[in-house]
Amino acid sequence: MTANVFRAERIGKSYPGVRANDEVSFAVAAGEIHALLGENGAGKSTLVKMIYGLVRPDDGRMWLGDALYAPTDPRAARQSGVAMVFQHFSLFDALTVAENIALGMENPPPRRELAARITQVSHDFGLPLNPGRRIVTLSAGERQRVEIIRCLLQNPRLLIMDEPTSVLTPQEAELLFATLRKLAAKGTAILYISHKLEEIRAHCDRATILRHGRVVDSCDPRAHSARELAAMMVGGEMRAIDRSGRQAGEVLLKVQGLSQPAPSAEGTALKEVALTLRAGEILGIGGVAGNGQEELLAALSGEVRSTPGTVLLDGRDLSTEGPEPRRIAGLLAAPEDRLGHAAVPDFSLAENTLLTAGARKGLVRGGLIDHGGARAYAEAVIRDFDVRTPGPGAAARALSGGNLQKFVIGREVMQDPRVLVVNQPTWGVDAGAAAAVRQSLLDLARKGAGIIVISQDLDELLELSDRFCALNEGRLSNPLSTKGLTLDSIGLMLGGAHGMEEARA
Amino acid sequence: MIDPLSVFLLLLSASTPILFAALGELVAERAGVLNLGVEGMMITGALAGFAAAYASGNPFLGFAAAALAGALISFLFVVLTQVFLANQVASGLALTLFGLGLAAMFGKPFEGVKAPPMPAGPLDINWIVWLGLAMVPAVWWFLNRSRPGLILRGVGENHDAAHALGYGVRATRMAAIAFGGAMAGVGGAFISIATVLQWTEGMTAGAGWIALAIVVFSRWTAPGVLAGAWLFGGVTVLQLRLQAAGVQVPVQLLSMAPYLATILVLVLISARQKFSRRGGGAAPGSLGLNFHALR
């Protein structure tokens, strides 16, 4: 065993009302890829923020090498040799690659030299980057390269990666792990945060598991199954998803020849999208973000109207109808953006039910709001979907992401739709809540509804859907049965993703 | 007949107040701050500069006082938006109203007196005009080539990311607002000390608003600000010449011309979609948004 690069000893951090970290001790050795595992809210983010100097621990000590380590801000952390790749990219869209990298370095070399070094280092690691390009023009995978190269140029001793693969295709993720292994071989210690268990099992040397802010276990992830790791994370057995008892029935929704121009300069045009959805069926639509997911949802929900004859529910043409007539007909949708699109942040949960359930649940009569009914419906959603909140009077913005997601999905599911379209139903939701949301979708399908799940989480799509198609630059591929599909073959279906050459090599 | 060279020299002078104010606002907006108080800071600078120049007999002392006064009154905006996180649009409008009223009140004793003469600089062009021209490449270099300028742009583009990388969002913005105030102050003082040579209430006459429009028109670049200021200044001089030449066009239409021309060009540019993020011509990503660090 080589020497520890980083060591934390009994560090703790409290926020008002929450003990985010409590007596957390662990160590990362040189050349090791060390996983930090835990549900959302387990304290992973607070912990890495303390290591990166964004937050100061209340108690405990940290060592970097043999020296005591107490960074006052991220710049001090960088100077000590700690670098971090953020979950939500810390990039500046309008600036160039080189400018972004310079901002992440303490003492960047002059512009020309920096550009040359970016080109060289990025080629050495098989992550080619053009230093003069603006971030907005890059794909998610390329953006992450920028973050990684920014770290590599500083020759870090400890590299922290916060859920780096959540936006990547499987091939891009492979490329990332190849890079990490090269780095580890040079002696860099890597702290890897994720809740994707398979990924951690495949690539990490050691795992420290956090629950409610405490270290509950430490293990070699290769020696355990994903199920065992999940059990350690949530502190109990995970309930297995029940997919039984579904029968594909008659055709409910038919989409044909659906083409839409891009709604904005950054949007994607839909090109000749066609699909058929039967009763009791779940159709999964995968693809890297920005390939038309939001546009497809908007065209199905009625936010954007299309040419007549393109969207048919039970044979009835809804193409030119807005969202409300479509809801009345039974076509419901839950968009990706919970706060602002699916729910009004400053409205109470009861008021938020009115947004989509007004007509189907009879909450608006003769132009007047039935406040008692809205409250009762919100209470029913809260109860049936285990939404953790003080009550229907709470503002939507006061809920955590996972709880609001359960509420938003519950609001649609409990209206008994004929067809439900959801985009990223479990994005940023912890494992327990995600399982509940998925189960509710399966239960709905069992009752005879047709469901379209648009997601970037391929494991989720494989788990839920009967058929799968890929959305790529606004084009929808032909659906394939998910039986016998592997992650690899799906990755290739998503094709056209950037950086594939390296991944295949 | 209209002599092009003399028109150009007048243009330089007519565009200088707007050039200063717009360069200052450009830096503030690049840091993500939308300060609609430019007009109020200009009029404050116009009065403070005039008063200091009159009292000391030294016009350059007047400009220094104007810069100081502009920066000081912008501190009001700093306190409102950076400390109390008030809405930037409302705070900016309040700053304009406050500045106009304040200057009107303290300006009473200076009505009817004359400013000290200003020594001419090289080529018989005012020193402050030269300074304004020099500020264009200086601001460009600062924003695009210097490290503090890069940090400032980072703060304006994505304040959360800048904070995560350990840069002081609030401190950067405070400095940018103060710079904007100082520049607006000098711009205002140029009107009272070097152009009109006396103090009258409301003498900036909307120049601050035009400066704000020009920052957008420039697509947030220093050379673009110069082009916008020259366009406005040029049409101003031209319409004055036309009026003097007794052209048979209603005076009201001619007086309107500089404002109309500026708006027209603004519309034409935006219609051609030059403001896309891909092209780098878009507004800073965090423009007008308040930053609150979650600790």
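Only a predicted model underlies this, so the values are computations on that prediction, with no experimental measurement involved.

**Student:** I keep staring at the overall build of chain A and nothing clicks. Help me out?
**Tutor:** Helix and strand counts for chain A stand at 17 helices and 23 strands. Its C-alpha atoms give chain A a radius of gyration of 24 Å, within 12% of the compact-globule value 23 Å for 505 residues. Once the C-alpha set of chain A is aligned to its principal axes, its extents read approximately 70 × 45 × 40 Å. Taken over 505 residues, chain A has a buried fraction of 55%.

**Student:** Where do I start with the sheet that holds strand β12 (residues 270–278) of chain A in this structure?
**Tutor:** Each strand in a sheet pairs with another by means of backbone hydrogen bonds, the pair being arranged parallel or else antiparallel. All names here are of chain A. In spatial order, the strands read β12-β11-β14-β15; together these four strands make up an open sheet with antiparallel pairing. Edge strands, defined here as strands with exactly one partner in the open sheet, are β12 and β15 (316–317). With six bridges connecting them, strand β11 (residues 251–260) and β12 associate as antiparallel partners. Bridged to Val251 within β12 is Arg278. Contacts between helix α9 (residues 293–301) and the sheet are confined to β11, β12 and β14 (311–313), with β11 contributing the most and set at about 120° to the helix.

**Student:** Please explain the pattern of salt bridges as it appears in this structure.
**Tutor:** Pairs can form between side chains of opposite charge whenever their charged atoms are close. Residues and elements named next belong to chain A. All chains considered together, the criterion is met by 23 salt bridges over all chains. Residue Arg61 is joined to Glu9 by a salt bridge in which the shortest nitrogen-to-oxygen separation is 3.8 Å. One end of the pair, Arg61, is in strand β4 (residues 59–64); the other, Glu9, is in strand β1 (residues 4–15), with 52 residues separating them in the sequence. A salt bridge links Arg150 to Glu147; the nearest nitrogen and oxygen atoms lie 3.8 Å apart. Of the two residues, Arg150 and Glu147 both sit in helix α5 (residues 140–152), three residues apart, roughly one turn of that helix. Overall, the relative accessible area of 3% leaves Arg150 in the buried class. On the basis of relative accessible area, Glu147 is assigned to the buried category, the value being 0%.

**Student:** Explanation requested: the interface of chain B and chain A in the structure shown.
**Tutor:** When the parts come together, some accessible area is lost, and that loss is often what is quoted as the size of the interface. With 20 residues of chain B in contact, the opposing surface of chain A contributes 28 residues. Between chain B and chain A lies a buried interface of about 2,300 Å² when both sides are counted; carbon and sulfur atoms form 57% of it. Scanning the region where chain B abuts chain A turns up one salt bridge. One salt bridge connects B:Arg153 with A:Glu99, and the closest N-O pair in it is separated by 2.8 Å. Along the contact surface separating chain B from chain A lie seven residue pairs in polar contact (both at pLDDT 80 or more). Secondary structure elements with two or more residues in the side of chain B that touches chain A: α6 (147–157) and α7 (159–164) of chain B. Element by element, the count of residues in the side of chain B that touches chain A is highest for α6(B), at six residues. In terms of residue class, the side of chain B that touches chain A is built from seven nonpolar, six polar and seven charged.

**Student:** What's the story with the domain arrangement of chain A in this structure? I'm lost.
**Tutor:** The domain architecture assigned to chain A consists of domain 1 (4–234) and domain 2 (251–504). Centre-to-centre, using C-alpha coordinates, domain 1 of chain A lies 32 Å away from domain 2 of chain A.

**Student:** What is the right way to read the sheet that holds strand β6 (residues 82–85) of chain A from this model?
**Tutor:** Residues and elements named next belong to chain A. Spatial strand order, β6-β7-β8-β3-β9-β10: six strands in an open sheet with mixed pairing. The open sheet has two edge strands, β6 and β10 (214–219), and neither has a second partner. The sheet shows a mean angle of 20° between the axes of neighbouring strands, taken without regard to direction. Where strand β7 (residues 158–162) and strand β8 (residues 189–194) come together, five bridges link them in parallel fashion. The residue bridging Ile160 from the neighbouring strand is Leu191, located in β8. This element, helix α1 (residues 44–51), spans β3 (33–37), β6, β7, β8 and β9 (206–211) of the sheet and lies at about 150° to β7. α5 rests against β6 and β7 of the sheet, and its axis sits at about 180° to β6.

Rules used in this analysis
Residues numbered from 1 in each chain as written. Chains lettered and ligands numbered in written order. Predicted model: local features only at pLDDT ≥ 70, side-chain atom pairs only at ≥ 80, totals over all residues. Heavy atoms only, no water. Helix = DSSP H or I, 4+ residues; strand = E, 2+ residues; numbered from the N terminus. Rg over C-alpha atoms; globule rule 2.2 N^0.38 Å. Buried < 20%, exposed > 50% of the residue type's maximum accessible area, 1.4 Å probe, protein only. Pairing = 2+ DSSP bridges. Contact = heavy atoms within 4.5 Å. Axes fitted to C-alpha atoms, helices over the stretch in contact; angles between N-to-C directions. Salt bridge = Lys/Arg side-chain N within 4 Å of Asp/Glu carboxyl O. Buried area = accessible area lost by both parts, 1.4 Å probe. Polar contact = N/O pair within 3.5 Å; in protein donor to acceptor, adjacent residues only side chain to side chain. Nonpolar A, V, L, I, M, F, W, Y, C, P; charged D, E, K, R; others polar. Domains from an automatic or database assignment.

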